[in-house]
Amino acid sequence: MENRGRKKGKTIISFFNKKSGEETSTIGTSSGSKSTIDPPIQIEASTSVDIPMISTEPQPQAKVQRISFDENDLERDPALRIPIWIHPVYNKDEVRRAYVKWGPNQPVLAKYPRAKSGGQNRRFQQSWFIKFLWLEYSISKDAAFCFPCFVFQDHEPLHSAFIINGFTSWKRVNNRARCVFLAHMGGPTSLHNNAVRNVEALKNISQHIDKVINVQSLENVKKNHLCLKTTIYSVRWLTLQGLRFERS
């Protein structure tokens, strides 16, 4: 049998192409009408779709620029200084240490200015510094402030007399049991007394955890050194006596 001629190679695109001379096919309906079917859409093999590439590399994060801190730039006057909670978070501890190192601002003047208070001219008394160790005085505003409450106030206080605005009603100071300074101090667990204890803890550097660890480490080194020296002396003595090492 003679080999038949090979059929011309076809592709999927040529399958859908309309042959030359081929007419639109029709389908009969029950009513005898004919419906036409549009020829298939030609698909171009050369068509390509560009898919955007998504970068998987991590984007660099913006670095927080720290503001350099210099304790010499801090204001000492209680009425002019910046509250602790306004300082950057990473500088608050350094600001506290600087103020605690300086202590309360207690300027000693020959005469403090007089002001009208309760119908009489009254003024701040230097002796109050001795009776109330936490007390501060602002020369610029002629007002009294509380040092511990300022140092450990992390947010804007509800009562700002002794922290922001200052106290100036001098007639209410020597009012015995109703003394405004005593009322500010409150009981043992008051905010003021907690702040006082925090100031004392910050001043006592020897009790800080890093200092305590260093002291304990030095003590352990001394003890280990003593044990080593004792062991060496014991070995030398046994060797000179010609004795054996035995466990008791």
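Keep in mind that what you see is a predicted model, and the values were worked out from it rather than measured. (Residues numbered from 1 in each chain as written. Predicted model: local features only at pLDDT ≥ 70, side-chain atom pairs only at ≥ 80, totals over all residues. Heavy atoms only, no water.)

*Asks:* Just give me the short version of the overall build of the chain, but keep the residues and values in it.
*Replies:* Across its full length, the chain holds eight helices and six strands. In sequence order, the secondary structure elements of the chain are arranged as α-β-β-α-β-β-α-β-β-α-α-α-α-α. With 248 residues in all, the chain has 23% of them scored as buried. By sequence separation, contacts in the chain at least 24 residues apart represent 54% of the contacts at least 6 residues apart. Summed over its atoms, the accessible surface of the chain is roughly 20400 Å², and 54% of this surface lies on carbon and sulfur atoms. (Helix = DSSP H or I, 4+ residues; strand = E, 2+ residues; numbered from the N terminus. Buried < 20%, exposed > 50% of the residue type's maximum accessible area, 1.4 Å probe, protein only. Contact = heavy atoms within 4.5 Å. Areas by Shrake-Rupley, 256 points an atom, 1.4 Å probe, with all protein chains shown as cover.)

*Asks:* So, unusual backbone geometry: which residues are in play, and what are the values?
*Replies:* Generally, phi is negative for residues other than glycine and the peptide bonds are trans, each holding for most cases. Notably, Asp142 is not glycine yet its phi reads approximately 55°, a positive angle. In this fold, Asp142 is placed in the loop between strand E5 (135-138) and strand E6 (143-146).

*Asks:* Explain the pattern of salt bridges to me, using residue names and the numbers behind them.
*Replies:* Should their charged atoms come close, side chains of opposite charge can pair. Under the criterion given, the structure shown has five salt bridges. As a salt-bridge pair, Lys101 and Glu71 come within 2.8 Å of each other at their nearest N and O atoms. Taken together, the residues Lys101 in helix H2 (residues 92-102) and Glu71 in the loop between strand E2 (34-36) and H2 connect sequence positions 30 residues apart. Residue Lys101 is classed as exposed on the basis of its relative accessible area of 54%. Accessibility expressed as a relative area gives 26% for Glu71, which makes it partly exposed. Linking Glu200 and Lys203 is a salt bridge whose minimum nitrogen-to-oxygen distance equals 3.8 Å. (Salt bridge = Lys/Arg side-chain N within 4 Å of Asp/Glu carboxyl O.)

*Asks:* Break down H2 for me, with residues and values.
*Replies:* Looking at H2, one finds that the buried residues are Lys92, Val95, Arg96, Ala98, Tyr99 and Val100. The elements touched by buried residues of H2 are helix H4 (147-151) and helix H7 (191-203). Gly103 sits one or two positions beyond H2 and adopts a positive phi of about 85°.

*Asks:* Requested: an account of the side chain of His87, with residues and values cited.
*Replies:* Residue position: His87 is located in the loop between E2 and H2. In this view, His87 contacts Leu74, Ile82, Lys92 and Val95; residues no more than four positions away in its chain are not counted.

*Asks:* Please give an account of the pairing of E5 that cites residues and values.
*Replies:* Side chains Leu135 and Tyr137 of E5 all project onto a buried face; the interleaved residues Glu136 and Ser138 project onto the opposite face, where all are buried too. Hairpin geometry of E5 and E6 is characterised by an intervening segment of four residues between the two adjacent antiparallel strands and by a positive phi of about 55° at Asp142. (Pairing = 2+ DSSP bridges.)

*Asks:* Which residues make up the packing of aromatic side chains, and what values go with them?
*Replies:* Under the counting rule described, the total for this entry stands at 18 aromatic pairs. Seen in terms of ring centroids, Tyr99 and Phe150 are 5.1 Å apart; in terms of plane orientation they differ by 90°. Their pairing is edge-to-face. One end of the pair, Tyr99, is in helix H2; the other, Phe150, is in helix H4, with 51 residues separating them in the sequence. Take Phe150: its relative accessible area is 3%, and that puts it in the buried class. With a centroid separation of 5.9 Å and 65° between ring planes, the pair formed by Phe167 and Phe181 is classed as edge-to-face. Of this pair, Phe167 sits in the loop between helix H5 (161-165) and helix H6 (180-185) while Phe181 sits in helix H6, and the two are 14 residues apart along the sequence. Looking at Phe167, the relative accessible area reads 6%, which means it is buried. Taken together, Tyr112, Phe124, Trp128, Phe129, Phe132, Trp134, Tyr137, Phe162, Phe167, Trp170 and Phe181 form an aromatic cluster joined through their ring pairs. Directly above the aromatic system of Tyr99 lies the positively charged group of Arg81, at a separation of 5.8 Å from the ring centroid. (Phe/Tyr/Trp six-rings, centres within 6.5 Å; stacked < 30°, edge-to-face > 60°. Lys NZ or Arg CZ within 6 Å of the ring centre and 35° of its normal.)

*Asks:* Which residues make up a nonpolar patch on the surface, and what values do they have?
*Replies:* Nonpolar side chains collect at one region of the surface, where Leu228, Ile232 and Tyr233 lie side by side and expose about 320 Å² of accessible area between them. Looking at the secondary structure, you find Tyr233 in helix H8 (residues 209-241). (Patch = residues over 30% accessible without salt bridge, like charges linked within 9 Å, V, L, I, M, F, W, Y side chains within 5 Å.)

*Asks:* Can you explain the nonpolar core? Please cite residues and give values.
*Replies:* Core analysis: the largest hydrophobic core is formed by 20 residues, its most contacted members being Phe124, Trp128, Leu135, Phe167, Val173 and Phe181. Secondary-structure elements contributing two or more residues to this core are helix H3 (128-131), E5, E6, H5 and H6. In this structure, Ile84, Val100, Phe150 and Val199 belong to the second largest nonpolar core, which totals 10 residues. (Core = buried A, V, L, I, M, F, W, Y, C linked by side-chain atoms within 4.5 Å.)

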